[in-house]
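Structure assessment
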Amino acid sequence: MALCTQTINVADNTPPALTIPANATRECGGNTAPGGAGGTGFASAIDNCTISPLITFIDVVNDGVCPVRHVISRSWKATDSCGNQTTLIQTITVTDLTNPTITCPGPISVECLANVPAPSFVGGSASDVCDPTVT
């Protein structure tokens, strides 16, 4: 009887294939969290050796010109059971797309031009979805 031994080395050197959501723009105060129903989407990954690669993300917020305007760089990472990784970045732009609203003071009546008061905003109001300090 003859016997031989063959050694087979299995090495997973291929990182997962990662698919991330499209870049997105949201109004300030809008939902920037991952997910559906108004969120910014989910990432998915497939791998040749790992059935369900681990998917994680980290957000880095870059301030914009105004306090309510900024850009979120969401770094998605898929990792398989052998430690192979793929990283892609989704960009989420948060901006102010809605103009403020203004309500002017009510009309006044005066008898002659000399009685016209100095301009005043008393009785008026202004508001904005993104900026609580509208002037």
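Shown above is the structure to which this text applies.
Here is a short report on the structure shown in this document. Because the structure is a prediction, the values reported are computed rather than measured. (Residues numbered from 1 in each chain as written. Predicted model: local features only at pLDDT ≥ 70, side-chain atom pairs only at ≥ 80, totals over all residues. Heavy atoms only, no water.)

Some details on the overall build of the protein
This is how it is decided: Helix and strand definitions here come from DSSP, where helices need a minimum of 4 consecutive H or I residues and strands a minimum of 2 consecutive E residues; each element is numbered from the N-terminal end. This radius of gyration counts C-alpha atoms alone. The globule rule is 2.2 Å times how many residues there are, raised to the power 0.38. Buried residues are those whose accessible area, probed at 1.4 Å on protein chains only, stays under 20% of the maximum for their type, while exposed residues exceed 50% and partly exposed ones sit between those limits. Any two residues whose heavy atoms approach within 4.5 Å at even a single point are treated as in contact. Only the protein chains shown count as covering a residue, and every accessible area follows the Shrake-Rupley method with a 1.4 Å probe.
Of the regular secondary structure elements, the protein holds zero helices and eight strands. Relative to the 2.2 N^0.38 estimate, which gives 14 Å for 135 residues, the radius of gyration of the protein is 29 Å and therefore markedly larger than a compact globule would have. Along the three orthogonal principal directions, the C-alpha set of the protein runs to about 125 × 25 × 15 Å. The buried share of the protein, taken over its 135 residues, is 23%. A sequence separation of at least 24 residues applies to 51% of the contacts in the protein between residues at least 6 apart. In the form shown here, the protein has an accessible surface area of approximately 9,700 Å², with 59% of it arising from carbon and sulfur atoms.

A word on the pairing of strand E6 (residues 85-95)
Inclusion rule: Pairing between strands requires that DSSP locate at least two bridges from one strand to the other.
Summarising the sheet, strand E2 (residues 24-27) and E6 pair through four bridges and their orientation is parallel. In the sheet register, Thr25 faces E6, and the bridge partner there is Thr93. Where strand E5 (residues 70-79) lies against E6, ten bridges are found, and the strand directions are antiparallel. Residue pairing in the sheet places Thr79 in a bridge with Gln85 of E6. Between E5 and E6, which pair antiparallel and follow one another directly, the connecting turn spans five residues, one of which, Gly83, has a positive phi of 90°.

Re the state of the cysteines
The condition is simple: Any two cysteine sulfur atoms lying within 2.5 Å of each other are counted as a disulfide.
Using the criterion set out here, one finds zero disulfides in the structure. Cysteine Cys49 is unpaired, with the sulfur of Cys82 as its nearest cysteine sulfur at 6.2 Å.

A short note on the sheet that holds E6
Formally: The convention used is that axes are lines fitted to C-alpha atoms, helices contributing only their stretch in contact, and that angles between N-to-C directions extend from 0 to 180 degrees.
Spatial ordering of the open sheet is given by E2-E6-E5-E4, a layout of four strands whose pairing is mixed. Both outer strands of the open sheet, E2 and strand E4 (54-63), are each paired with one neighbouring strand and no more. Here the strands of the sheet are splayed against their neighbours by 25° on average, with no regard to which way each runs. Pairing of E4 with E5 involves ten bridges; the strand directions are antiparallel. Paired with Val61 across the two strands is Ile72, which belongs to E5.

What to know about the packing of aromatic side chains
Defined as follows: What counts as a ring pair is set by centres within 6.5 Å for rings of Phe, Tyr and Trp (its six-membered ring), and what kind of pair is set by the plane angle: stacked under 30 degrees, edge-to-face over 60, tilted for all other angles. Think of it as a cone above the ring: NZ of Lys or CZ of Arg counts as a charge over the ring if it is within 6 Å of the ring centre and within 35 degrees of the ring normal.
Scanning the model with the defined rule gives one aromatic pair in all. Ring centres of Phe57 and Trp76 lie 5.2 Å apart, and the angle between their planes is 50°; this geometry places the pair in the tilted category. On the criterion of sequence distance, the pair formed by Phe57 in strand E4 and Trp76 in strand E5 is long-range, its members being 19 residues apart. You can call Phe57 partly exposed: its relative accessible area is 37%. The buried category is assigned to Trp76, whose relative accessible area is 3%. In this structure, Arg74 packs its charged tip against the face of Phe57, placed 5.1 Å from the ring centre.

Some words on unusual backbone geometry
A positive phi angle is found at Ala37, which is not glycine, with a value near 50°. Within the secondary structure, Ala37 sits in the loop between E2 and strand E3 (44-46). Given a relative accessible area of 84%, Ala37 falls into the exposed group.

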